[in-house]
Amino acid sequence: MGNCLKRSAADDISLLRGGNEPTRESSADPLGPPLYSEIIQPVFYPSPSVSRPASHLTEEEQVKIAKRIGLIQHLPIGSYDGCSKKSRECVICMVEFSVEEAVRYLPCMHIYHVSCIDDWLMRSLTCPSCMEPVDAALLTTYETT
Amino acid sequence: MSELQSSLLLKKQLAELNKNPVEGFSAGLIDDNDIFRWEVLIIGPPDTLYEGGFFKAHLYFPKEYPLRPPRMKFVTEIWHPNIEKNGDVCISILHEPGDDKWGYEKASERWLPVHTVETILISVISMLADPNDESPANVDAAKEWREAYPEFKRKVARCVRKSQEECS
Ligand SMILES: [Zn+2]
Ligand SMILES: [Zn+2]
């Protein structure tokens, strides 16, 4: 009944603390046994609300993420040329593009800072502006060429 | 998106809302030193049961905003099918994208990183005017809204009165 997703308790705790949520590494007692590897690992999102360091992923999740990274890397990157026809700011971070800055082009031709859009695409393969699914658009391009 | 970028983005929105207030709500911070926790005052939309009420709510932004949505909770008591009895707001745009177990929501109805405090509040205000009883958060309120409307109206009217007393 209902589709209101419950968030994890951990999330609530970080909200209650209201701010400087320590990273797992730094919150571990320095004298106690280290809970996690000291090496900082990239964190991945097998599904949007689940984040896990690379070594904690299942094989299936690793494949899914590898595919997604491959797909994102296929999206063209250009440098912003200041052309007035294009949007002047990245709607994710609301910061104006500067000329020559690297921007990523989605199949719908919406542009974003590479780091802003890549972080989002790792969570959801849709254009934040027009909601066009990026993977579907890419698949059709492959099929027609 | 770093925590610094997230806080800059929120600061920008706060400054913009202070400069050009939007009709229907006012926004500020719970604590001036914490840009991730906002307090908003929503004015009950005209021509709805909530008209005349002043409803206070809190927004809690994650450090990953705008990649992840904030949580929103009404602090003022409010009776509505899509607001839990404890005040938690349950609308689809505050749900993260991803596998939709129930198949109700299209990706376009879910959270997108282009949402701002303003667009969130506009959605919440339109939800007050137009409840969605397909996915109620307050099952009792949803049932009353459908089957015992006079009782639903009475409860909302009580909340409106209470909110006016708290605000005066
Ligand atoms: Zn950006
Ligand atoms: Zn687009």
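Residues numbered from 1 in each chain as written. Chains lettered and ligands numbered in written order. Predicted model: local features only at pLDDT ≥ 70, side-chain atom pairs only at ≥ 80, totals over all residues. Heavy atoms only, no water.

## What about the coordination of the zinc ion (ligand 2)?
Residue and element names in this part refer to chain A. Definition in use: Donor atoms are limited to N, O and S found within 2.8 Å of the metal ion, a distance that becomes 3.2 Å for Na, K and Ca. With water left out, some sites might look partial. In short, tetrahedral needs four donors with all angles between 85 and 135 degrees, square planar needs four and octahedral six donors with opposite donors over 155 degrees apart and all other angles between 65 and 115, and whatever is left is irregular. Three labels apply to residues, based on accessible area from a 1.4 Å probe with only protein chains included: buried if under 20% of the type maximum, exposed if over 50%, partly exposed otherwise in between.
Protein coordination at the zinc ion (ligand 2): the donors are C108 (SG), H110 (ND1), C127 (SG) and C130 (SG), at 1.9 to 2.3 Å from the metal. Metal-centred angles of 108 to 115 degrees between the four donor atoms at the zinc ion (ligand 2) mark the site as tetrahedral. The buried category is assigned to C127, whose relative accessible area is 0%. Relative accessible area serves as the criterion here: at 32%, C130 is assigned to the partly exposed category.

## Quick look at the UniProt feature "domain: RING-type" (unreviewed entry) in chain A
Note the threshold: UniProt positions are given in the numbering used here, feature names are shortened, and annotations may be inferred rather than shown by experiment. Counting from the N terminus, the helices are the DSSP runs of H or I reaching at least four residues and the strands are the DSSP runs of E reaching at least two.
Using the residue numbers shown here, the UniProt feature "domain: RING-type" (unreviewed entry) corresponds to residues 90-130 of chain A. Secondary structure content for residues 90-130 of chain A is 20% helix and 24% strand, and the end C-alpha separation is 14 Å.

## Looking at the nonpolar core
Which entries qualify depends on this criterion: Take the buried residues of types Ala, Val, Leu, Ile, Met, Phe, Trp, Tyr and Cys, join any two whose side-chain atoms come within 4.5 Å, and each joined set is a nonpolar core.
With 68 residues, the main nonpolar core has L106(A), L121(A), W38(B), I42(B), M72(B), F74(B) and V124(B) as its most contacted residues. Broken down by element, this core gets its largest block of residues, seven residues, from helix α2 (residues 117-129) of chain B.

## Focus: the sheet that holds strand β2 (residues 37-43) of chain B
Residues and elements named next belong to chain B. Short version of the rule: In short, DSSP must find at least two bridges between two strands for them to pair. Only C-alpha atoms enter the line fits that serve as axes; for helices the fit covers just the stretch in contact. Angles between N-to-C directions range over 0 to 180 degrees. Contact between two residues is taken to exist if any of their heavy atoms lie within 4.5 Å; hydrogens are not considered.
Judged by pairing direction, the sheet is antiparallel, and its four strands sit side by side in the order β1-β2-β3-β4 without closing on themselves. What marks the edges here is a single partner per strand, and that holds for β1 (25-29) and β4 (71-74). Taken pair by pair, the neighbouring strands of this sheet meet at an average axis angle of 25 degrees, ignoring direction. Here strand β3 (residues 54-60) runs beside β4; their pairing, made up of four bridges, is antiparallel. Within β4, the position partnered with Y60 by the bridge is R71. The sheet strands contacting helix α1 (residues 3-19) are β1 and β2, and the helix crosses β1 at an angle near 135 degrees. Seen against the sheet, α2 touches β1, β2, β3 and β4 and runs at an angle of roughly 40 degrees to β2.

## Focus on the packing of helix α3 (residues 139-147) of chain B against helix α4 (residues 149-167) of chain B
Residue and element names in this part refer to chain B. Heads up, the rule is: Roughly parallel here means an angle under 35 degrees, roughly antiparallel means over 145, roughly perpendicular means 65 to 115, and every remaining angle is called oblique. Charged means Asp, Glu, Lys or Arg here, nonpolar means Ala, Val, Leu, Ile, Met, Phe, Trp, Tyr, Cys or Pro, and polar covers whatever is left, Gly included.
In contact at an axis separation of 6 Å, α3 and α4 are set at 125 degrees when each is read in the N-to-C sense. Viewed along their axes, α3 and α4 adopt a mutual orientation that is oblique. Within the contact between the two elements, α3 uses A141, E144, W145 and E147 and α4 uses Y149, E151, F152 and K155. Taken together, the residues of the contact of α3 with α4 break down into four nonpolar, no polar and four charged.

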